[in-house]
Amino acid sequence: MQASAVRRLVTLREVGTAALLVGVVAAAMVKNPHFLDVKNLNSILLWIPLLVVVGMGQMMVILTRGIDVSVGSTMGVSGIVVGMLFRDHPNLNIYVGAAIGFAIGTVLGAINGGLISWAKIPPIIATLGTLSAYRGLAFIICKGEQIDSNNIPESLTNWALYGPLTIKGVTFNWLIIWALATALLTAYFLKTSRTGRAIYSIGSHPEAARLRGLPVNKVTFLVYSVCGGLAGLAGVLYASRYGFVNPGTAGSGFELTVIAAVVIGGTNVLGGSGTVVGVLLGSLLLGTINVALAVLGIDAAWQMLVYGLVILIALTIDSYLQRLLGKLAVSS
Amino acid sequence: MQSKYFLDVRYLLDSSTLYVETGLLAIGMTFIIVSGNIDLSVASMTALVACVTAKLMASGWSIPAGCAAGLVLGLVLGGFNGILVAKVKLPSFVVTLATMAVYRGIAQVLLGAKSAKLPASFVGLDMMHLPGHVPLPLVIFLVIAVILGVVLHRSLFGRWVVAIGTNESASYFAGLPTAAVKISVFALSGFLAAVAALMMNSRLGVARFDDARGLELDAITAVVLGGASIFGGKGTMLGTVLALFLVAVLRIGMGVADVKAEYQLAVIGTLLVVAVLAGNLSAKVNAKR
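Here the structure is a predicted model, which is why all the values come from computation and not from measurement.

Novice: How should the interface of chain B and chain A be read in this particular structure?
Specialist: Facing 38 residues of chain B, the contacting portion of chain A comprises 33 residues. Summing both sides of the interface, chain B and chain A together bury roughly 3,100 Å²; the carbon and sulfur share of this comes to 82%. There are 0 salt bridges connecting chain B and chain A. At the junction of chain B with chain A, the criterion picks out 4 residue pairs in polar contact (both at pLDDT 80 or more). The set of elements that each furnish at least two residues to the side of chain B that touches chain A consists of α3 (63–86), α4 (92–111), α9 (215–225) and α11 (261–288) of chain B. Counting residues per element, the side of chain B that touches chain A draws most heavily on α4 of chain B, at 13 residues.

Here's what the structure looks like:
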């Protein structure tokens with residue numbers, strides 16, 4: 001009875017996010033009937049992939065009751081290093097470049113993971129420290145020099161311009177394919193693997209998970225490493241989407257957008273509950289809001305406020321649902 | 001030695017006015033961290049109060065009325081954090097991560113890329129000195145630090161803060177007003193952020209939405225470096241003040257040596273992690289003894 005009630009609530013939460021998405025689109029359509037035209041749909045499709053890729057890692061971290069605010073800086077480091085490799089070795093294969101980006105991110109994420117799981121530093125403090133440290137690292141590596149557009153291979157920027165499917169001018173670009181592949185792998189990993197199930201158990205009740213004999217430290221370490229790896233991959237996708245990498249701006253502040261997408265998608269900050277579908281919906285919602293703000297002529301100054309409000313709304317809804325769930329459990 | 005002026009007492013004293021604002025945030029953060037929480041929104045509260053008071057004064061409010069409104073706003077912003085943490089029972093790091101964006105976002109919507117000018121008679125607190133070339137802001141900071149140090153270490157309220165940070169549910173079952181104490185601690189943090197905002201306005205003469213950006217990192221680092229446990233229940237005002245001067249001297253030193261802002265940030269971020277690491281390590285060694 002309780003398990004099905006939980007499942008119903010999760011579904012309800014996803015339906016809620018979808019309803020919010022419809023609401024945003026409807027509001028934008030009232031103001032501008034051509035909101036869903038080819039140009040805007042294409043910009044939404046360009047906006048989502050980075051969110052989804054980083055969001056999958058962030059979701060797994062939040063599932064374990066953690067947080068990673070250093071993802072934006074990790075994107076910066078990986079974007080800069082891979083950008084410099086492309087600058088100095090123009091013939092480097094772009095898939096090798098993506099793999100190197102993932103590897104760099106994994107190392108940075110593993111540092112976070114080590115600090116959190118073995119040195120027992122609270123996630124927010126550890127990643128707040130590395131948020132600054134990694135940003136500085138990006139500057140040190142490139143000596144403050146931006147990677148210009150003529151240094152990014154055309155085959156890489158083509159990922160953002162072309163795709164396997166184009167319907168009436170709306171391009172499902174290759175970045176979308178990267179994002180969907182990441183989402184599918186994450187869903188498969190979380191649903192079927194022993195470690196995936198352990199991630200949920202650790203977030204639901206860390207002490208119980210430890211007593212059951214789950215390797216809590218190892219799994220936590222792995223989760224932050226994977227989160228870093230995905231942020232590193234996103235750094236390369238950033239280079240593809242924007243065509244240049246600046247050590248100061250690449251990924252800067254992106255942690256806020258990602259966390260907003262993940263929590264509005266129904267991932268509970270108290271750990272243990274959250275789904276891939278929810279994060280996909282959350283990313284779609286955030287991407288749509290972002291394009292809608294521009295289309296409705298709302299100043300870019302509103303962006304930060306909107307992201308913050310989205311997080312606050314999600315937190316309040318989840319805390320209410322949590323209490324409802326508690327009452328359900330008591331009454332049954 | 002990059003500059004012969006670095007060890008000049010007058011230069012160091014004058015530079016201190018740049019760090020008393022961070023210092024005020026660190027005093028509030030000491031209460032927050034000892035209570036077992038964190039407040040990432042302090043710098044955003046400073047920016048919002050700075051922008052609002054500057055706008056009010058520009059639109060004809062008198063200086064005392066503008067300052068009073070700013071201080072009340074600080075209490076409200078901090079209190080809102082406190083209610084979300086204590087009543088809605090959400091973790092403080094997510095609440096204040098969200099309000100960090102919301103508060104600075106409101107400031108940005110309010111002023112955009114423009115800056116608001118403050119009345120000439122309000123500007124220049126940092127240029128005032130007591131005899132012996134002691135800057136007035138430094139004195140204000142030290143007085144507040146002493147008063148709140150007494151509150152933290154010698155008052156019933158202070159004991160409650162430590163008790164809640166040590167074991168919240170035990171404190172609750174012992175009959176302590178845990179929710180009220182937590183809300184007060186966050187409101188205090190907001191109030192001190194507002195005081196910092198007024199001093200910043202007086203020093204800079206203009207307010208911008210990106211004022212005080214990133215100061216939460218310096219404040220948290222100072223508190224942790226000063227020996228407070230990041231898990232709550234342990235920490236002293238004296239430790240915070242001493243560590244704050246260390247952070248300030250480090251920043252001034254890097255400034256004199258012309259170290260880029262991003263590198264400075266990296267140094268402070270690394271210092272934060274190392275400080276917590278050292279704290280955890282010494283706790284482990286003590287536990288083994």
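Next comes the rest of the account.
Novice: Is there a simple way to explain the nonpolar core in this structure?
Specialist: For soluble globular proteins, nonpolar side chains are generally found buried alongside one another. One finds Ile125 of chain A together with Leu24, Ile27, Ile33 and Ile220 of chain B to be the most contacted residues of the largest nonpolar core, which totals 181 residues. No other element matches helix α2 (residues 38–63) of chain A, which puts 14 residues into this core. Setting aside residues no more than four positions away along its own chain, Leu24 of chain B makes contact with Phe141, Ile144, Leu192, Val195, Ala196 and Met199 of chain B.

Novice: What exactly am I supposed to notice about empty space enclosed by the protein here?
Specialist: Leftover empty space is mapped by rolling, across the atoms, a probe with the size of a water molecule. Applying the stated criterion across every chain yields a total of 2 cavities of 30 Å³ or more. Counted as a void, the largest cavity has a volume near 40 Å³. If you trace the largest cavity, you find it lined by Thr17, Val20, Glu21, Leu125, Asp126, Pro137, Met199 and Arg203 of chain B. Only α1 (9–34) and α8 (178–204) of chain B provide two or more residues apiece to the lining of the largest cavity. For the lining of the largest cavity, the element with the most residues is α1 of chain B, which contributes 3 residues. Along the lines of polarity and charge, the residues of the lining of the largest cavity split into 4 nonpolar, 1 polar and 3 charged. Its volume calculated, the second largest cavity comes out at about 30 Å³. Lining the second largest cavity, in full, are Asn268, Val269, Leu270, Leu315, Asp318 and Ser319 of chain A together with Leu90 of chain B. In terms of residue class, the lining of the second largest cavity is built from 4 nonpolar, 2 polar and 1 charged.

Novice: Honestly, the layout of surface pockets in this entry has me stumped. Any pointers?
Specialist: Residue and element names in this part refer to chain A. Computed from the structure, the second largest pocket encloses a volume of approximately 1,600 Å³. Sorting elements by how many residues they give to the lining of the second largest pocket places helix α10 (residues 216–242) first, with 4 residues. Each residue belonging to the lining of the second largest pocket can be placed in one class, and the counts come to 24 nonpolar, 13 polar and 7 charged.

Novice: Would you mind going over α9 of chain B with me for this structure?
Specialist: Residue and element names in this part refer to chain B. Among the 11 residues that make up α9, 10 are buried, leaving the element largely enclosed by the rest of the structure. Taken together, the buried positions of α9 are occupied by Leu215, Glu216, Leu217, Asp218, Ala219, Ile220, Thr221, Ala222, Val223 and Val224. Two residues or fewer past α9, Gly227 is found with a positive phi of approximately 100°.

Novice: Is there a simple way to think about the pattern of salt bridges in this case?
Specialist: Pairs may arise between side chains of opposite charge once their charged atoms sit close together. By the definition in use, this model includes 7 salt bridges over all chains. Among the ionic pairs, Asp88 of chain A bridges to Arg87 of chain A, the shortest N-O distance being 3.2 Å. When its relative accessible area of 47% is taken as the criterion, Asp88 of chain A is described as partly exposed. On the basis of relative accessibility, which here comes to 29%, the residue Arg87 of chain A falls in the partly exposed class. Arg208 of chain B is paired through a salt bridge with Asp210 of chain B; the nearest N and O atoms lie 3.1 Å apart.

Novice: Would you take a moment to explain the packing of aromatic side chains for this structure?
Specialist: For any two aromatic rings, the description comes down to two numbers: the centre-to-centre distance and the angle of the planes. All names here are of chain A. Enumeration according to the criterion identifies 6 aromatic pairs over all chains in this entry. Between the aromatic rings of Tyr238 and Tyr242, the centroid separation amounts to 4.5 Å while the plane-to-plane angle is 35°, which identifies the pairing as tilted. Here the residue Tyr238 and the residue Tyr242 both occupy positions in helix α10, the gap between them amounting to 4 residues, near one helical turn. Exposure remark for Tyr242: the relative accessible area of 36% places this residue in the partly exposed category.

Novice: Explanation requested: the side chain of Thr157 of chain A in the structure shown.
Specialist: Its location among the elements puts Thr157 of chain A in helix α6 (residues 154–161). Not counting the four nearest positions on each side in its chain, Thr157 of chain A is found in contact with Ile152, Ala239, Ser240 and Gly243 of chain A.

Novice: In this structure, what is going on with the state of the cysteines? I would like to understand it.
Specialist: The bond known as a disulfide is covalent and runs between the sulfur atoms of two cysteines. All names here are of chain B. The tally for this structure, following the rule as stated, stands at 0 disulfides over all chains. Considering cysteine sulfurs only, Cys51 is the nearest to Cys67, which forms no disulfide, with 15 Å between them. Judged by its relative accessible area of 16%, Cys67 is buried.

Rules and cut-offs
- Residues numbered from 1 in each chain as written.
- Chains lettered and ligands numbered in written order.
- Predicted model: local features only at pLDDT ≥ 70, side-chain atom pairs only at ≥ 80, totals over all residues.
- Heavy atoms only, no water.
- Contact = heavy atoms within 4.5 Å.
- Buried area = accessible area lost by both parts, 1.4 Å probe.
- Salt bridge = Lys/Arg side-chain N within 4 Å of Asp/Glu carboxyl O.
- Polar contact = N/O pair within 3.5 Å; in protein donor to acceptor, adjacent residues only side chain to side chain.
- Helix = DSSP H or I, 4+ residues; strand = E, 2+ residues; numbered from the N terminus.
- Core = buried A, V, L, I, M, F, W, Y, C linked by side-chain atoms within 4.5 Å.
- Buried < 20%, exposed > 50% of the residue type's maximum accessible area, 1.4 Å probe, protein only.
- 1 Å grid on protein atoms, 1.4 Å probe; cavity = no way out; pocket = protein on both sides within 12 Å on 5 of 7 lines; lining within 4 Å.
- Points joined across faces, edges and corners; volume = space filled by probe spheres on them.
- Nonpolar A, V, L, I, M, F, W, Y, C, P; charged D, E, K, R; others polar.
- Phe/Tyr/Trp six-rings, centres within 6.5 Å; stacked < 30°, edge-to-face > 60°.
- Disulfide = S-S within 2.5 Å.

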